[in-house]
Amino acid sequence: MPDRTATSSSDVRFRTGMTGWLRWPLVAVMLALAVFSWVAPGDDASTSERTVGPLVLVLVAVVLASMGVTVRADRARLLLAFTPFYRRSVARQEIVSVTADTWSPISFGGWGVKGWARSSKGLLLNASLGRRGDQGLRVVTTDGRTYNVEVPDPVGAAVRVRELLDVPEASVATR
């Protein structure tokens, strides 16, 4: 569910996650399997088998429920995160450009945290499996790192982030 929440007049936050029609059924299935494996583990199951399996399934359900991409900007820095696996804070002085961009998640190898920031394509942070997750911000840093980060309104997000960080608008594409 896309969410744009300004936490104060001097910062902005954009968050996207896996679509609800996909996320919540997966979470429900994981929790149902956990309950079933705890209630009916089998006659020959040891105590560890009765507890470890359900705990792993609950952990997977919690990770699926919390997974998402967050972009937070204030006057000093830009935070890029794929919860709960990746988090990077980039200082304002390190940012060369912030632009709206479109990509193919398949060219990065799928959805999630894909690629390397120092590669020619850059790093992809994308959680919208099953929804339009092919657009967002492209952030380029002074040391040549590139971050492709999914946001719900890439053009509006790029304008707001550039304003906050006082980054000039790129006159040409950064690719």
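Coordinates for the structure precede this section.
Everything quoted here is computed from the prediction, not taken from an experiment.

(A) Region of interest: the overall build of the chain. Regarding its fold elements, the chain presents four helices and 10 strands. If you take every contact in the chain between residues at least 6 apart in sequence, the share linking residues at least 24 apart comes to 60%. With an accessible surface of roughly 9400 Å², the chain has 61% of that area assigned to carbon and sulfur atoms.

(B) Molecular detail of the packing of aromatic side chains. One pass over the structure, following the stated rule, counts one aromatic pair. An angle of 25° between the planes, with centres 6.2 Å apart, marks the rings of Phe82 and Phe85 as stacked. Taking the relative accessible area as the measure of exposure, Phe82 reaches 4% and is therefore buried. Residue class for Phe85 comes out exposed when judged on its relative accessible area of 55%. Over the ring of Phe108 we find Lys121; its NZ or CZ atom is 5.5 Å from the centre of that ring.

(C) Seen up close, the pairing of strand S3 (residues 68-74). In terms of burial, S3 is a largely internal element, five of the seven residues being buried. Two elements, S3 and strand S4 (residues 77-83), share six bridges in a ladder whose sense is antiparallel. Looking across to S4, one finds that Val71 is bridged to Leu80. The antiparallel pairing of S3 with S4 creates a hairpin that spans two residues between the two strands.

(D) Examining the pattern of salt bridges more closely. Applying the stated criterion across every chain yields a total of five salt bridges. Linking Arg88 and Glu94 is a salt bridge whose minimum nitrogen-to-oxygen distance equals 3.8 Å. Overall, the relative accessible area of 22% leaves Arg88 in the partly exposed class. A relative accessible area of 29% places Glu94 in the partly exposed class. With a shortest N-O distance of 3.8 Å, Arg138 and Asp101 are connected by a salt bridge. Here Asp101 lies in strand S6 (residues 95-102) and Arg138 lies in strand S9 (residues 135-141), a separation of 37 residues in the sequence.

(E) Quick peek at the sheet that holds strand S10 (residues 146-150). One open sheet accounts for five strands, arranged S6-S9-S10-S8-S7; its pairing is mixed. Each having just a single partner strand, S6 and strand S7 (112-115) make up the two edges of the open sheet. Across the sheet, the mean angle separating the axes of adjacent strands is 20° when strand polarity is ignored. In this sheet, S10 lies alongside strand S8 (residues 123-126) in parallel orientation, the contact comprising three bridges. Paired with Leu125 across the strands is Val149, a residue of S10. Along the sheet, helix H4 (residues 154-165) contacts S6 and S9; its crossing angle with S6, the most-contacted strand, is approximately 170°.

(F) Region of the structure containing a nonpolar patch on the surface. Residues Leu31, Val58 and Val62 make up a contiguous nonpolar surface patch of about 220 Å² in total accessible area. Here Val58 is to be found in helix H2 (residues 47-66).

(G) Examining the side chain of Thr16 more closely. Examined against the element boundaries, Thr16 turns out to sit in strand S2 (residues 11-17). In this structure Thr16 comes out as buried when scored by relative accessible area, which is 3%. Polar side-chain contacts of Thr16 include one of 3.3 Å to the side chain of Glu150.

(H) Focus on the nonpolar core. Val71, Leu78, Ile95, Leu137, Tyr147 and Val161 are the most contacted members of the largest nonpolar core, which totals 33 residues. At five residues, H4 tops the list of elements feeding residues into this core. When near neighbours in sequence (up to four residues on either side) are disregarded, Val161 contacts Phe14, Ala73, Leu78, Val98 and Leu137.

Thresholds, definitions, all that
- Here the residue index of a chain counts from 1 through its sequence in written order.
- pLDDT decides what is reported in this predicted model: residues at 70 or higher carry local features, side-chain atom pairs at 80 or more are listed and counted, and totals for whole chains, interfaces and linings draw on all residues regardless.
- In computing side-chain properties, one takes all heavy atoms of the structure into account and sets aside hydrogens as well as water.
- In this text, helices come from DSSP runs of H or I with a minimum length of four residues, and strands from runs of E with a minimum of two, each type numbered from the N-terminal end.
- Note on definitions: a residue-residue contact is assigned when non-hydrogen atoms from the two residues lie within 4.5 Å.
- Surface accessibility follows the Shrake-Rupley procedure with a 1.4 Å probe radius. Residue values consider only the protein chains on display as shielding.
- The aromatic pairing rule takes the rings of Phe, Tyr and Trp, using the six-membered ring of Trp, and pairs them if the centres are within 6.5 Å, calling planes under 30 degrees apart stacked, those over 60 edge-to-face and the rest tilted.
- Classification of residues uses two cut-offs on accessible area relative to the type maximum, computed with a 1.4 Å probe and protein chains only: under 20% is buried, over 50% is exposed, and between them is partly exposed.
- Placement of a charge over a ring requires the Lys NZ or Arg CZ to be within 6 Å of the ring centre, with the centre-to-atom vector within 35 degrees of the ring normal.
- The pairing criterion for strands is at least two bridges between them, as found by DSSP.
- Think of a salt bridge as a Lys or Arg side-chain nitrogen and an Asp or Glu carboxyl oxygen that are within 4 Å of each other.
- Lines fitted to C-alpha atoms define the axes here, with helix axes fitted over just the stretch in contact, and angles between the N-to-C directions of these axes take values from 0 to 180 degrees.
- For patches, a residue must show more than 30% relative accessible area and have no salt bridge; joins then use 9 Å for like charges and 5 Å for nonpolar side chains, namely Val, Leu, Ile, Met, Phe, Trp and Tyr.
- In the analysis that follows, any N or O atom pair within 3.5 Å is treated as a polar contact, provided that within protein one partner can donate a hydrogen and the other can accept it, and provided that, for residues neighboring in sequence, both atoms belong to side chains.
- Among buried residues, those of type Ala, Val, Leu, Ile, Met, Phe, Trp, Tyr and Cys that are joined through side-chain atoms within 4.5 Å constitute a nonpolar core.

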